[in-house]
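The chain contents come next:
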Amino acid sequence: MTGRVEGKVAFITGAARGQGRAHAVRLAEEGADIIAVDVCKSIVENTPIPPSTREDLAETAALVKDKGRRIFTAEVDVRDFDALKSAVDAGVEELGRLDIIIANAGIGNGGDTLDKTSETDWTDMIDVNLSGVWKTVKAAVPHVLSGGRGGSIILTSSVGGLKAYPHTGHYIAAKHGVVGLMRTFAVELGQHNIRVNSVHPTNVNTPLFMNEGTMKLFRPDLENPGPDDMKIVAQLMHTLPIGWVEPEDIANAVLFLASDESRFITGVTLPVDGGSCLK
């Protein structure tokens with residue numbers, strides 16, 4: 001099956017690399033043009049996670065163009081509503097319409113228990129991973145509404161939006177909040193034939209997970225743990241014998257939710273988790 005989102009336009013945040021890039025490329029493969037934004041710099045202090053760059057966003061654009069599709073890019077911080085609105089407005093002006101919103105941008109920081117989490121880490125987490133999702137939809141959905149064709153909105157949550165883990169309480173709170181946003185948007189926008197769902201990945205092979213800080217969080221018993229060391233523990237999180245999934249695994253789920261194959265699916269929390277929610 002090809003052309004599953006043929007002729008549609010998708011707005012994707014956090015598109016420079018990782019899951020966002022995978023979503024852009026996968027939807028382009030199936031016929032969509034892309035509005036891709038990313039902050040392209042570090043916005044969190046003292047993080048071991050390397051920031052996305054302009055070069056990353058340019059590579060995403062090149063990959064989409066290689067699929068024969070058009071792409072509009074902009075450097076945007078999802079905490080900045082006016083910048084988000086300007087970017088999506090310009091993208092729609094260039095590409096002609098908007099049908100799909102994928103609120104994917106997110107950060108990881110901290111690693112403390114909730115009672116020791118700093119106010120800075122808490123505020124950054126909520127501002128990006130929760131408020132940024134709301135601002136993304138708020139900025140973009142008027143274009144979907146004005147099109148009068150309905151549409152699909154996909155919010156990136158996490159397995160951590162459905163269950164709790166220690167040392168990531170602010171992340172857990174934000175990702176649970178995304179579920180509340182999803183369900184409310186689904187109720188409010190359903191009359192316009194706009195569907196809203198969330199995806200809930202387990203660990204994903206991207207820089208947000210594959211970094212020194214996460215490896216030490218999983219293996220505090222080792223001085224310099226690597227991916228193989230982390231995998232031993234990460235496998236315990238899942239029913240299937242895996243430590244993590246690939247960005248393309250999430251992109252396939254996003255494509256399904258964006259396409260007409262899921263035309264009557266709304267308000268759903270879709271785990272892509274190797275059976276993590278069973279534990």
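Residues numbered from 1 in each chain as written. Predicted model: local features only at pLDDT ≥ 70, side-chain atom pairs only at ≥ 80, totals over all residues. Heavy atoms only, no water.

As named in an unreviewed UniProt entry, the protein is Short-chain type dehydrogenase/reductase, taken from Mycolicibacterium aubagnense.

Caption draft 1: Representation of the overall build of the protein. Per the secondary structure count, the protein includes 8 helices and 7 strands. For 279 residues, the compact-globule estimate of 2.2 N^0.38 gives 19 Å, and the protein sits close to it at 18 Å. By its C-alpha atoms, the protein is 55 × 35 × 35 Å across when sized along the principal axes. Relative to its 279 residues, the protein shows a buried fraction of 53%. Look at the contacts in the protein between residues 6 or more apart in sequence, and 72% of them connect residues 24 or more apart. As presented, the protein carries roughly 12,400 Å² of accessible surface, and 52% of it is formed by carbon and sulfur atoms. In the protein, which carries 27 positive and 36 negative side-chain charges, the distance between the mean positions of the two groups comes to 5 Å. (Helix = DSSP H or I, 4+ residues; strand = E, 2+ residues; numbered from the N terminus. Rg over C-alpha atoms; globule rule 2.2 N^0.38 Å. Buried < 20%, exposed > 50% of the residue type's maximum accessible area, 1.4 Å probe, protein only. Contact = heavy atoms within 4.5 Å. Areas by Shrake-Rupley, 256 points an atom, 1.4 Å probe, with all protein chains shown as cover. Lys, Arg positive; Asp, Glu negative; His and termini not counted. Charge placed at Lys NZ, Arg CZ, Asp CG, Glu CD.)

Caption draft 2: Quick peek at the layout of surface pockets. Within this model, the second largest pocket holds a volume of roughly 210 Å³. Around the second largest pocket, the lining is made up of 13 residues, and of these Lys8, Arg149, Gly150, Gly151 and Asp260 lie nearest the centre. A class-by-class count of the residues in the lining of the second largest pocket yields 2 nonpolar, 4 polar and 7 charged. (1 Å grid on protein atoms, 1.4 Å probe; cavity = no way out; pocket = protein on both sides within 12 Å on 5 of 7 lines; lining within 4 Å. Points joined across faces, edges and corners; volume = space filled by probe spheres on them. Nonpolar A, V, L, I, M, F, W, Y, C, P; charged D, E, K, R; others polar.)

Caption draft 3: Representation of the sheet that holds strand 3 (residues 71-75) within the structure. An order of 3-2-1-4-5-6-7 is seen for the 7 strands of this open sheet, with the pairing classed as parallel. Lying at the two open borders of the sheet, with one neighbouring strand each, are strand 3 and strand 7 (269-272). Going across the sheet, the axis of each strand differs from the next one's by a mean of 15°, ignoring polarity. Two strands pair when backbone bridges link them, and strand 1 (residues 9-13) and strand 4 (residues 100-103) are joined in this way by 3 bridges, in the parallel orientation. For Ile12, the partnering residue across the bridge sits in strand 4 and is Ile102. With respect to the sheet, helix 2 (residues 54-66) is in contact with strand 2 (33-38) and strand 3, its orientation differing from that of strand 3 by roughly 170°. (Pairing = 2+ DSSP bridges. Axes fitted to C-alpha atoms, helices over the stretch in contact; angles between N-to-C directions.)

Caption draft 4: Quick peek at the packing of helix 1 (residues 18-29) against helix 8 (residues 247-258). With their axes 8 Å apart at the nearest point, helix 1 and helix 8 run at an angle of 50° to one another. Accordingly, the angle class assigned to the pair helix 1 and helix 8 is oblique. Note on packing geometry: the crossing formed by helix 1 with helix 8 is right-handed. In this structure, helix 1 contributes Gly18, Gln19, Ala22, His23, Arg26 and Leu27 to the contact, and helix 8 contributes Pro247, Glu248, Ile250, Ala251, Asn252, Val254, Leu255 and Ala258. In terms of residue class, the contact of helix 1 with helix 8 is made up of 8 nonpolar, 4 polar and 2 charged. (Parallel < 35°, antiparallel > 145°, perpendicular 65-115°, else oblique. Left-handed = near helix turned anticlockwise from the far one by under 90°.)

Caption draft 5: Representation of the nonpolar core in the model. Judged by nonpolar contacts, the single largest core of 42 residues is most densely connected at Phe11, Ile35, Leu98, Ile153 and Leu155. Broken down by element, this core gets its largest block of residues, 9 residues, from helix 4 (residues 119-147). In this structure, Leu155 is in contact with Ala103, Val133, Val137, Val178, Leu181, Met182, Asn197, Ser198 and Val199, ignoring residues within four places of it in sequence. By size, the runner-up hydrophobic cluster in this structure holds 29 residues, among which are Cys40, Ala61, Ile102 and Val199. (Core = buried A, V, L, I, M, F, W, Y, C linked by side-chain atoms within 4.5 Å.)

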